[in-house]
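# Descriptive analysis of the structure
Read off the chains here:
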Amino acid sequence: MDMTKIYEVSEFNDALTKDILKEVYDILKDRGYNPINQIIGYIMSGDPGYITSYKDARNKMLSLERSKIIEVLLKELIKCDI
């Protein structure tokens, strides 16, 4: 019994955003930065200087809209029992 699942574009966009955030987080950590502080600095200010250019992390982060990053993070937070 084959069932076709319908995916929303937003599901793929959210997954891509999460993947990029995780990758940038790991790169920042590898470089010795506090990744949470650096990502928050970028989200709050829009200054790409908060994100290292090492392994193309800055360009990856710039490929995401800051509002989309916040949206995905909020969705993940709401899933958790706070």
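See the structure above.
Residues numbered from 1 in each chain as written. Predicted model: local features only at pLDDT ≥ 70, side-chain atom pairs only at ≥ 80, totals over all residues. Heavy atoms only, no water.

So, about the layout of surface pockets. Volume-wise, the largest pocket comes out at about 250 Å³. For the lining of the largest pocket, the elements supplying multiple residues, two or more each, are α1 (9-30), α2 (35-45) and α4 (66-79). Here the element with the most residues in the lining of the largest pocket is α2; it accounts for 5 residues. Grouping the amino acids of the lining of the largest pocket by side-chain chemistry returns 9 nonpolar, no polar and 2 charged. (1 Å grid on protein atoms, 1.4 Å probe; cavity = no way out; pocket = protein on both sides within 12 Å on 5 of 7 lines; lining within 4 Å. Points joined across faces, edges and corners; volume = space filled by probe spheres on them. Helix = DSSP H or I, 4+ residues; strand = E, 2+ residues; numbered from the N terminus. Nonpolar A, V, L, I, M, F, W, Y, C, P; charged D, E, K, R; others polar.)

The next point concerns the pattern of salt bridges. When charged atoms on two side chains of opposite charge get close, those side chains can pair. Counted according to the given criterion, the structure contains 8 salt bridges. The partner of D14 in a salt bridge is K75, with the nearest N and O atoms 2.9 Å apart. Of this pair, D14 sits in helix α1 while K75 is found in helix α4, placing the two residues 61 residues apart along the sequence. Here the salt bridges do not stand alone but share partners, grouping D14, K68, E71 and K75 into one network. (Salt bridge = Lys/Arg side-chain N within 4 Å of Asp/Glu carboxyl O.)

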